[in-house]
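Chain and residue survey
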Amino acid sequence: LARQGLGLAIVGFNPLRARYDFDPPLNPWEQTLRETDRDYADDAAHVTTLSYGPDINLSQPDWTAEQSLDAARKLNHYAPYIIPFSFSSPFYNGQIWQGCSKRTYERAGLRPAVKLFLAAETLADFVSRSRLVHPARLPGETGRIEFKAFDAHPSLAILTACCHLLEGICLAEDLTGRSEHADVALYRRAALAGFDDAAIRDGASEVLGKASAALLRVGDSRAVAALSPLKTLLAARRTPAHDLVAAYRATGLMYKPGGHALDI
C-alpha cells in the first residue's frame, strides 16, 4: 500500500460514492445468488458494498441452542442503543451528512444486526421459530453468534470496549428485552441524533451499567476497565462521528487515517 502511495483509513460508509457499480458486471451465478439468497432480499446488495463494519463473534461452549438464541435475541433488541458508540459514517456523496451514521440509516431493515449459526440436526427445530437462525457451515461454527450492527470502529480501544460490551450484555440477566425484528424507526433515530436522543441515551446508559455489573460479577475487572471509553462518550453525548466531522473541517479528510493495522 505504501509503495503505491496508499494507506489504511477508517470509515463506516463510503463518503464519496452514492452507489456501487459492478465492474465487470455480475456474472449469471452472482445474479442468481442475489435473486434467491434472503441476505440479498429487498435490494440490500448496494448497502453491503458501500458500508463497512466488523462482524463480532461470540459463543459460549456450555450454552444450549436455546440459550444461544436467547442471547442473540437480546443483542438484537439492544443493538440500536449501543451502536452510536461506533458511529463513523457522518459523510455521504462527498458532503457532511445530516446525522452520525449513514451506514446505520441505510442498513436498518435491510441487513441483519445479529445471526446465530446452528448445526443441521438442531436447525430444523429453530429455523421456523427465529429469523436470526442460520445453518452452520462448519462444525466449529455451531453456536456462533455474529453481531453485525456496529460501524467501522475508529480506534482499537473503542473496538475492544464494544466487544466487552456485547459480552456483558450476554451475561446480564437483568436486561430483559428480546426481539426478532429490527426496529427500523429506532435505528434511524440513533443514526440521526446519536446520544442527543434521550431514548437512545437512556437505553445506552442502562445497557452499559448492567453489562458492566455483569462483567464485574464474573470477576472480569479487565473487561470492566476496558468499557471506560464508552462511558466517556456517553457522558459527553458524543459519538466518534463528531470527531470525524471536526477533523474534516480542519483537514478536509472524510475518514480517520490509520498508519497501522491495529489502529482499525
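Notes on the structure follow. Computed from a predicted model, the values in this text were never measured in an experiment. (Residues numbered from 1 in each chain as written. Predicted model: local features only at pLDDT ≥ 70, side-chain atom pairs only at ≥ 80, totals over all residues. Heavy atoms only, no water.)

**Comments concerning the overall build of the protein**
- Within the protein, the regular secondary structure consists of eleven helices and eight strands.
- Taking 264 residues into account, the globule formula puts the C-alpha radius of gyration at 18 Å, and the protein, at 19 Å, falls close to it.
- Along the three orthogonal principal directions, the C-alpha set of the protein runs to about 50 × 50 × 40 Å.
- The contacts in the protein between residues at least 6 apart in sequence include a share of 82% that link residues at least 24 apart.
- Element-wise, carbon and sulfur atoms account for 52% of the exposed surface of the protein, whose accessible area totals about 13,300 Å².
- Considering the protein, the positive charge centre built from 29 side chains and the negative charge centre built from 30 side chains are found 5 Å apart. (Helix = DSSP H or I, 4+ residues; strand = E, 2+ residues; numbered from the N terminus. Rg over C-alpha atoms; globule rule 2.2 N^0.38 Å. Contact = heavy atoms within 4.5 Å. Areas by Shrake-Rupley, 256 points an atom, 1.4 Å probe, with all protein chains shown as cover. Lys, Arg positive; Asp, Glu negative; His and termini not counted. Charge placed at Lys NZ, Arg CZ, Asp CG, Glu CD.)

**Topic: the packing of aromatic side chains**
- The final tally for this structure, using the stated rule, is seven aromatic pairs.
- Judged by centre distance (5.0 Å) and plane angle (55°), the rings of F147 and F150 are tilted. Just as F147 is buried, F150 falls in that class too.
- A cation over a ring is seen here: K102 above Y92, with NZ or CZ 4.0 Å from the ring centre. (Phe/Tyr/Trp six-rings, centres within 6.5 Å; stacked < 30°, edge-to-face > 60°. Buried < 20%, exposed > 50% of the residue type's maximum accessible area, 1.4 Å probe, protein only. Lys NZ or Arg CZ within 6 Å of the ring centre and 35° of its normal.)

**A look at the nonpolar core**
- Core analysis: the largest hydrophobic core is formed by 55 residues, its most contacted members being F85, F147 and L165.
- It is helix α3 (residues 65-82) that provides the largest number of residues to this core, a total of nine residues.
- Ignoring any residue separated from it by four or fewer positions in sequence, one finds F85 in contact with I158, C162, L165, F195, A204, L208, L230, L233, L234 and P240. (Core = buried A, V, L, I, M, F, W, Y, C linked by side-chain atoms within 4.5 Å.)

**Some words on the pairing of strand β5 (residues 114-118)**
- Counted residue by residue, β5 has five buried out of five residues, so it is predominantly covered.
- Neither face of β5 is left uncovered, since the one carrying V114, L116 and L118 and the one carrying K115 and F117 both have all their residues buried.
- Judged from the three bridges that link them, β5 and strand β7 (residues 145-147) form a sheet pairing that is antiparallel. For V114, the partnering residue across the bridge sits in β7 and is F147.
- Here β5 runs beside strand β6 (residues 133-135); their pairing, made up of three bridges, is parallel. By the bridge assignment for β6, L116 is matched with V133. (Pairing = 2+ DSSP bridges.)

**A word on the packing of helix α8 (residues 198-217) against helix α10 (residues 228-236)**
- Put simply, α8 and α10 touch, their axes get as near as 11 Å, and they point 155° apart. Relative to α10, the element α8 lies roughly antiparallel. Of the two elements, α8 crosses α10, and the hand of that crossing is left-handed. Residues R201, A204, S205, L208 and S212 of α8 form the contact with α10, whose own contacting residues are L230, K231 and L234.
- Grouping the amino acids of the contact of α8 with α10 by side-chain chemistry returns four nonpolar, two polar and two charged. (Axes fitted to C-alpha atoms, helices over the stretch in contact; angles between N-to-C directions. Parallel < 35°, antiparallel > 145°, perpendicular 65-115°, else oblique. Left-handed = near helix turned anticlockwise from the far one by under 90°. Nonpolar A, V, L, I, M, F, W, Y, C, P; charged D, E, K, R; others polar.)

**Notes on the environment of G177**
- Tracing the backbone through its elements, the reader meets G177 in the loop between α6 (156-171) and α7 (184-193).
- You can call G177 buried: its relative accessible area is 11%.
- Each C-alpha atom of the pair G177 and R73 lies 8.1 Å from the other, and the pair is 104 residues apart in sequence.
- Look past the residues within four positions of G177 in its chain and what remains in contact with it is R73, K74, H77 and Y78.

**Quick word on the packing of α3 against α8**
- Relative to each other, α3 and α8 sit at 120°, their axes nearing to 8 Å. Taken as axis vectors, α3 and α8 run oblique relative to one another. The two elements α3 and α8 meet at a crossing, and its hand is left-handed. Each of Y78, P80, Y81 and I82 in α3 lies in contact with α8, whose residues at this interface are A199, I200, G203, A204 and V207.
- Tallied by class, the residues present in the contact of α3 with α8 amount to eight nonpolar, one polar and no charged.

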